[in-house]
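Listed here are the chains, written in short residue letters.
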Amino acid sequence: MKFQVSSTLLYNRLQSLSRVINSKSTINILECILFEMEGNKLTLTASDSETTLVSTIDVEEPEGSGKFAVKANTILNGLKEFYEQPITIEVNNETYEIKVFYQNGKSSFVGQNADEYPLPLNIADDVQSISIDSKVLLNGLSRALFATADDELRPVMNGVFFDISEDYITFVASDGHKLVRDRNSSVKASQSTSFILSKKPAKTLKDILSKVEGEAEIRFDEKNAEIKVDNYKLSCRLIVGRYPNYNSVIPSDNPYHVTIDREALIGALRRTMVFASTSTSLTKLHMESGQLTVSTQDIDYSTAAEERIICDYEGNPMSIGFKGTFLLDILNSMESDNIILQLADPSRAGVIVPAEQEEGEDLLMLLMPMMLNE
């Protein structure tokens, strides 16, 4: 078996696929990437038994067909230092000896028999499906992933919830301290449905979507999902369970609104948090007419910091405490120049929304407060 392919194209595809592979797999074959040649199509597969990513590449000058497996680190390290050039890969179908010929030389290594490589998960016949623009899907995952939990007792919180209705799709994630609800009206379905995508395949999908364009096709049943976009197909197990009623925790009556420059607030948080308690990261926000004061302190080390920022606020003076690292995560996941912080009182969750919502979008993030030492 023999074929020619772009070194850069092959390396980039292998790099995307390698993110599926567990660093310490107990099954030897799952440390490998599966290569399958048929005609002028090279199909690459990586799996951890629960998540499988497949990608296809058109190759030049194909000879023969077959399949073999190669340890991901071996092939990636072998291609890492190549500049863009056509390379020829020659494989002995009996001994699995692999030779790579390039402009100024050649390398060789040994692959493995691919017969034991696991098959992708099967999707049931009674599947549901939706079509979604890759940019919409990328934005939804990018904004929600940071808020997912790592909770063994509540596994449904460990992924991104896709809440699909006839009028819009909503991406939701929460760890009990922070919550993201990103609603987009450009995606509609024939009936209401939902599923929970685990964190690992969600991160893998996010990486792929940042490199491609076009429509993503999502097929899913009660246990598994299959997502096709460009030359990639991701198959994975879903998190089974009922996601909590996220709308019930979003306060509807927030009379105090603070409009502030997002970058200015990020800068103030980064500078003052240097002096915050490392155990709590408690950050105090004090609002009064036209001004927001960000302050931190660490009593154990006798450190403190305070910074004032101009804002649009006309309510009564008010103070509220947040975990500074969580607040930074929320602000960094937004793109709006200005954000609006909606508050009711220091004991209730703060709602953060972009001052300028994108067309067809309704993005909302929520952060639970911390008790102030006053």
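**Here's the deal with the side chain of T204**
Part 1 of the reasoning: Along the polypeptide, T204 turns up in helix α4 (residues 199-209).
Part 2 of the reasoning: The residues touching T204, leaving out its near neighbours within four places in the chain, are R19, V20, L53 and L234.

**Some points on the environment of S55**
Part 1 of the reasoning: Its place among the elements puts S55 in strand β4 (residues 51-58).
Part 2 of the reasoning: Along the primary structure S55 and L234 are separated by 179 residues, whereas in three dimensions their C-alpha atoms are 8.9 Å apart.
Part 3 of the reasoning: With near-sequence residues (within four places) excluded, S55 lies in contact with R13, L17, L42, T43, L44, N231 and Y232.
Part 4 of the reasoning: Within the structure, the side chain of S55 is placed 3.1 Å from the backbone oxygen of N231, a separation counted as a polar contact.

**Quick notes on the sheet that holds strand β1 (residues 2-6)**
Part 1 of the reasoning: One open sheet holds the five strands; their spatial order is β5-β1-β7-β8-β9, and the pairing between them is antiparallel. Each having just a single partner strand, β5 (60-63) and β9 (105-110) make up the two edges of the open sheet. Pairwise comparison of adjacent strand axes, ignoring direction, gives a mean angle of 20 degrees for this sheet.
Part 2 of the reasoning: Those strands touched by helix α1 (residues 7-18) are β1 and β7 (86-91), and its axis lies near 85 degrees from that of β1.

**Let's talk about the environment of V110**
Part 1 of the reasoning: With respect to the helices and strands, V110 occurs in strand β9.
Part 2 of the reasoning: In the structure, V110 is positioned 41 residues away from A69 in sequence and 9.3 Å away in space, judged by C-alpha atoms.
Part 3 of the reasoning: In contact with V110, other than residues within four places in its own chain, are T95, Y96 and I98.

**Some details on a negative patch on the surface**
Part 1 of the reasoning: Together, D133, E213, E215 and E217 give the surface a local cluster of negative charge.
Part 2 of the reasoning: Its relative accessible area of 39% is what places E217 among the partly exposed residues.

**Regarding the nonpolar core**
Part 1 of the reasoning: With 97 residues, the main nonpolar core has L10, F35, L137 and F162 as its most contacted residues.
Part 2 of the reasoning: Apart from the residues lying within four places of it in its own chain, the contact partners of F35 are L10, L14, L42, T43, L44, G66, K67, F68, V70 and I75.
Part 3 of the reasoning: Judged by nonpolar contacts, the second largest core, of 17 residues, contains M157, V172, V353 and L364.

**Digging into the sheet that holds strand β15 (residues 215-220)**
Part 1 of the reasoning: The antiparallel open sheet is built from eight strands, whose spatial order is β6-β2-β3-β4-β17-β16-β15-β10. Only two strands of the sheet have a single partner each, and these edge strands are β6 (66-71) and β10 (128-133). Neighbour to neighbour, the strand axes of the sheet diverge by 15 degrees on average, direction disregarded.
Part 2 of the reasoning: Relative to β4, strand β3 (residues 41-47) runs antiparallel, the two being bridged by seven bridges. Bridged to T45 within β4 is V54.
Part 3 of the reasoning: Running over the sheet, helix α2 (residues 72-79) touches β2 (32-38) and β6 and is turned about 85 degrees from β6.
Part 4 of the reasoning: Running over the sheet, α4 touches β4, β16 (224-229) and β17 (232-237) and is turned about 170 degrees from β17.

Analysis parameters
Residues numbered from 1 in each chain as written. Predicted model: local features only at pLDDT ≥ 70, side-chain atom pairs only at ≥ 80, totals over all residues. Heavy atoms only, no water. Helix = DSSP H or I, 4+ residues; strand = E, 2+ residues; numbered from the N terminus. Contact = heavy atoms within 4.5 Å. Polar contact = N/O pair within 3.5 Å; in protein donor to acceptor, adjacent residues only side chain to side chain. Pairing = 2+ DSSP bridges. Axes fitted to C-alpha atoms, helices over the stretch in contact; angles between N-to-C directions. Patch = residues over 30% accessible without salt bridge, like charges linked within 9 Å, V, L, I, M, F, W, Y side chains within 5 Å. Areas by Shrake-Rupley, 256 points an atom, 1.4 Å probe, with all protein chains shown as cover. Salt bridge = Lys/Arg side-chain N within 4 Å of Asp/Glu carboxyl O. Lys, Arg positive; Asp, Glu negative; His and termini not counted. Charge placed at Lys NZ, Arg CZ, Asp CG, Glu CD. Buried < 20%, exposed > 50% of the residue type's maximum accessible area, 1.4 Å probe, protein only. Core = buried A, V, L, I, M, F, W, Y, C linked by side-chain atoms within 4.5 Å.

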